[in-house]
Amino acid sequence: MQTIVIGHRNPDMDSICSAIGCAELKRLTGWQDVIPARCGPTNPRIDFALQRFGVETPALLTDLSPRVQDVMQPNVVSVHVNTPIYEAVQLIDRRRLRGLPVVDDRLRCTGLLNSFKIMHHLIPPHEEAESGAARTVTASLADIARTVHGRPICGELSTAEEELFLLVGAMRQDSFGPRLKSYRDTGRKVVVFVGDRPHIQQLAIELRAHAVVVTGGHAIEPEVEIAARAAGVTLITSPSDTATTVLMSRGAVRAGRMVETDFLSFRKDMRLAEARQRAADTSAFVFPVVDDHGKLCGILSKSDFIKSIPRQLILVDHNELDQAVRGADQVPILEIYDHHRLGGFTSATPVLFWNNPVGSTSTIVALCFAQAGIAVPRKIAGVLLSGLISDTLNLTSPTTTPTDRKIRDELANAAEVDADAYARELFSVGSPLLTLTAEEAVTADSKPYTENGFRFVVAQVEELTFAHFAEKRDALLAALDARQKREALLFAALLVTDITTQSSLLLVRGDDRFLSTIASPVAHAPAGTAQSTPLWQLDGVVSRKKQLLPYLIECLGRMVP
């Protein structure tokens, strides 16, 4: 069972760093196969922090919806198109298979063995038996010998498929001869099955039967073998009696002739929900799983759809499924570590939920190390320090608590760095307004919300100065406008924060009814002076979570219907 520790969509520094720290703590406490992940791109600051402390960037996982490969049977049993159906049926019985895929030389699935065709062939209807069609098989002499466990005495065991007519020599010579001759005269290739009857054996050879199969494991007299060699007739001995040998010979037909080519298959990366829906519309019980080249890589039965998914999640830095990686609602969630508002999360089973109103989730993960009595490794301490500094703006954000101050100093000591010096180094890396496109800026650190039936998004970028804002303003507004219309949102907002002056600029595009509520003078509105709609300057506002979001929700309540 794999455990994935992952933050919210459009991850920020704290989201990625807390996932790395939490995954390491789980490994140190004995958990197996735990990996940190992210469901969005990094940015130059995140890359700098991870490289600074020698930590690999977590794997990018944008969709954790269960896939066919999560429940399919990878060690699939199959047969080659040239395998005699007798062997295939024995395999089905021995392994209790509900379906058997047939593959070609390149392991591409050509279909499934059709049980109806096999039964029709082995037990033909009465009218076919009367017409003689039941005596005809399309097979090779080599396959017949292989199927009946026969041993060639002389002649050629051709591997080429031929239309062969099966004739049992269980009659008097004066009856057998004319019958064999009449079949030979019509151009049929007759294979004679006979027990210890040397005279019938000799007659079949004289009349140029295509092959003679001596049944019952009886010894073949020397003169019969000599005659067969001289006549060029293939002579085979079978250990089984005549009835069994003939029946088994009918099973020498190759699987490729009994395959059902009109079959439903799935790709291993197909969403399990889609596969389940398609499988429900068919009477089939098994479905080959193939790759892009048609190569067989697994098998899926209807009973596999109820298997448990071999994957579970730990969520960090969020507790709302709207912000979670796609597919999170279809995978067991074991634990949640967060410092945001409660988002109405529900679960079918109890989960460990640590929600603490501190400045960062990295702070909470550091507290988890302390609770477990495990020292934070140097690299992990540096990563968690980066998340804490970023989310609290190095303890200047109003979300900062005494706990954050204490944990920051402890992590700095463990990471062997000066916290303030490292913070200046971290924030000096890459201006988001310069390194990101306008479209990236309004989505990189963006969180969706739903309030009173309205959906909206709020993104945030942090700068050391507003120097680059003026040149990017129009492009940012255009990107917000496009996103608001594309996603049918009430509004889309971007908070551009100057961490040096502890102030922000708010850009909003959306419904005019909502925009008017922001522009309205409200006594307890965030401190600031309105510039030109839809841009507002918010002095002293740096926290999206604690300062801006509550005000936006209040504005929603004042919106005119």
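Our subject is the structure that appears above.
Residues numbered from 1 in each chain as written. Predicted model: local features only at pLDDT ≥ 70, side-chain atom pairs only at ≥ 80, totals over all residues. Heavy atoms only, no water.

(A) How the structure looks around the side chain of aspartate 404. By secondary structure assignment, the location of aspartate 404 is in helix H15 (residues 402-415). Buried within the structure, aspartate 404 lacks any salt-bridge partner; its nearest side chain of opposite charge belongs to arginine 405, at an N-O separation of 7.6 Å. At 2.7 Å, the side chain of aspartate 404 forms a polar contact with the side chain of threonine 363. A polar contact of 2.8 Å, which involves the side chain of aspartate 404, links it to the side chain of threonine 401. (Helix = DSSP H or I, 4+ residues; strand = E, 2+ residues; numbered from the N terminus. Buried < 20%, exposed > 50% of the residue type's maximum accessible area, 1.4 Å probe, protein only. Lys, Arg positive; Asp, Glu negative; His and termini not counted. Salt bridge = Lys/Arg side-chain N within 4 Å of Asp/Glu carboxyl O. Polar contact = N/O pair within 3.5 Å; in protein donor to acceptor, adjacent residues only side chain to side chain.)

(B) Fine view of empty space enclosed by the protein. Counting across every chain of the model gives 2 cavities of 30 Å³ or more. Approximately 490 Å³ is the volume found for the largest cavity. If you go around the largest cavity, you meet 31 residues; those closest to its centre are Asp12, Ser390, Asp391, Asp445 and Glu462. When contributions to the lining of the largest cavity are tallied by element, the ones reaching two or more residues are helix H2 (44-52), helix H14 (378-392), helix H17 (432-435), strand E20 (446-451), strand E21 (454-463) and helix H21 (544-558). For the lining of the largest cavity, the residue count by class is 11 nonpolar, 11 polar and 9 charged. Lining of the second largest cavity is provided by Cys22, Leu25, Lys26, Tyr337, Val365 and Cys368. Breaking the lining of the second largest cavity down by element, the ones donating at least two residues are helix H1 (13-28) and helix H13 (361-372). It is H1 that contributes the most residues to the lining of the second largest cavity, 3 residues altogether. (1 Å grid on protein atoms, 1.4 Å probe; cavity = no way out; pocket = protein on both sides within 12 Å on 5 of 7 lines; lining within 4 Å. Points joined across faces, edges and corners; volume = space filled by probe spheres on them. Nonpolar A, V, L, I, M, F, W, Y, C, P; charged D, E, K, R; others polar.)

(C) Representation of the pattern of salt bridges within the structure. For the structure shown, the criterion picks out 30 salt bridges. Between aspartate 63 and arginine 67 there is a salt bridge, with its nearest N and O atoms 3.2 Å apart. Residue aspartate 63 shares its accessibility class with arginine 67, and that shared class is buried. A salt bridge links aspartate 445 to arginine 544; the nearest nitrogen and oxygen atoms lie 2.9 Å apart. Taken together, the residues span a long stretch of sequence, with aspartate 445 in the loop between helix H18 (438-441) and E20 and arginine 544 in helix H21 at a distance of 99 residues. Across the pair, exposure class does not vary: aspartate 445 and arginine 544 are buried alike.

(D) Quick peek at the packing of H1 against H14. Contact geometry for H1 and H14: axes closest at 8 Å, N-to-C directions at 150 degrees. Looking at the two axes, H1 sits roughly antiparallel to H14. In this structure, H1 meets H14 at a crossing whose hand is left-handed. Of the residues in H14, those in contact with Met13, Asp14, Cys17, Ser18, Ile20, Gly21 and Glu24 of H1 are Ile380, Val383, Leu384, Ser386, Gly387, Ser390 and Asp391. (Axes fitted to C-alpha atoms, helices over the stretch in contact; angles between N-to-C directions. Parallel < 35°, antiparallel > 145°, perpendicular 65-115°, else oblique. Left-handed = near helix turned anticlockwise from the far one by under 90°. Contact = heavy atoms within 4.5 Å.)

(E) Main features of the nonpolar core. Val5, Leu384, Leu411 and Tyr422 are the most contacted members of the largest nonpolar core, which has 46 residues in total. Counting residues per element, the ones that place at least two in this core are H1, H2, strand E17 (311-316), H13, H14, H15 and helix H16 (419-427). Per-element tally for this core: the top contributor is H1, with 8 residues. Grouped together as the second largest cluster of nonpolar side chains are 28 residues, Val81, Ala88, Ile118 and Ala255 included. (Core = buried A, V, L, I, M, F, W, Y, C linked by side-chain atoms within 4.5 Å.)

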